[in-house]
Amino acid sequence: MLAEVQFPDWHPRFYEGGCSVFGYVIRHPDGVILFDTGVGTGNRLIEDLYHPNVVAVTAALEALGIDEREVVAVVNSHLHFDHCGQNELFYRRQVPIYAQVAEIEAASTSGYTISEWAYIPDDAVRVLHGDEVLTEGVKIIATPGHTPGHQSLLVDTEDGPVVLAGQCVYNTDEIGEQCVAPDNIHDDTFIEAAQESLDRLLALDPRRIVAAHDARPWLAAHA
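Residues numbered from 1 in each chain as written. Predicted model: local features only at pLDDT ≥ 70, side-chain atom pairs only at ≥ 80, totals over all residues. Heavy atoms only, no water.

**Q** Requested: an account of the nonpolar core, with residues and values cited.
**A** Among the nonpolar cores identified, the biggest contains 34 residues, and Val39, Val71 and Phe90 are the most heavily contacted of them. In terms of residue count, the dominant contributor to this core is helix H4 (residues 88–91) (three residues). Among all residues touching Val39, those that are not within four sequence positions of it are Ala3, Val5, Val21, Ile46, Pro52, Val54, Phe81, Asp82, Gly85, Gln86 and Trp117. In this structure, Val169, Ile185, Phe190 and Ile209 belong to the second largest nonpolar core, which totals 19 residues. (Core = buried A, V, L, I, M, F, W, Y, C linked by side-chain atoms within 4.5 Å. Buried < 20%, exposed > 50% of the residue type's maximum accessible area, 1.4 Å probe, protein only. Helix = DSSP H or I, 4+ residues; strand = E, 2+ residues; numbered from the N terminus. Contact = heavy atoms within 4.5 Å.)

**Q** Account for the packing of aromatic side chains, naming residues and giving values.
**A** Tallying each qualifying case throughout the model produces four aromatic pairs. Measuring from ring centre to ring centre gives 6.4 Å for Trp10 and Tyr50, while their planes differ by 90°; the resulting arrangement is edge-to-face. Note that Trp10 is positioned in the loop between strand E1 (3–6) and strand E2 (18–21) and Tyr50 in helix H1 (residues 44–50), a separation of 40 residues in sequence. According to the relative accessible area criterion, Trp10 is exposed, its value standing at 53%. We classify Tyr50 as buried; its relative accessible area is 9%. Cluster of aromatic residues (ring-pair linked, three or more members): Trp10, Tyr50, Phe81 and Trp117. (Phe/Tyr/Trp six-rings, centres within 6.5 Å; stacked < 30°, edge-to-face > 60°.)

**Q** An account of the side chain of Thr113 is needed here, citing residue identities and associated values.
**A** Position of Thr113 relative to the elements: it lies in the loop between helix H5 (101–107) and helix H6 (115–118). Within the structure, Thr113 has its side chain in polar contact with the backbone oxygen of Leu79 (distance 2.5 Å). In this structure the side chain of Thr113 is engaged in a polar contact, spanning 3.3 Å, whose partner is the backbone nitrogen of Phe81. When near neighbours in sequence (up to four residues on either side) are disregarded, Thr113 contacts Leu79, His80, Phe81, Cys84, Ala107 and Ala118. (Polar contact = N/O pair within 3.5 Å; in protein donor to acceptor, adjacent residues only side chain to side chain.)

This is the structure we're talking about:
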């Protein structure tokens, strides 16, 4: 877990109180791949609105026995403040950070995110235009819906394919119901895209799907 946040009163899930923010690591022969970097620190607006309890990504990695210098790639599911907040730690070391072009464009608009957290310098950013094989057994899957350039990861494991879904769904109940929650969609123009993204992930026949704001994994019936 990389953070816990409280929801402001205008948030569509204010009634839930708040949520946890999860990132994921893939231990690959090429090195560690990090999926999302959580919430950053030092931004007064976010602190006042969300009162985040932030876990340093270095500490989260150390808890798994991983040195931050082992990370060879970062994939941002999207560039909302709670998924890219600690990117700087990695691009300062020139670790490549992967994001969809549609997401980078969205992050440049006012009110979308915290611009200094979402910013990725030219020498670190890897701009994608859809699906991309990151390395053997790891594929980035474009899953727009929650945001214009949302992306997920498909990982081949010894036990079968695993999907890191980011916020393609808000919680894993949506996967079982095969229906994306309306309040997890960027706007009405992305309703169809959001459902197609979830359908596409399920069509990959994954053994397990994990999400960014739900500690409960979804497990296939045959898992």
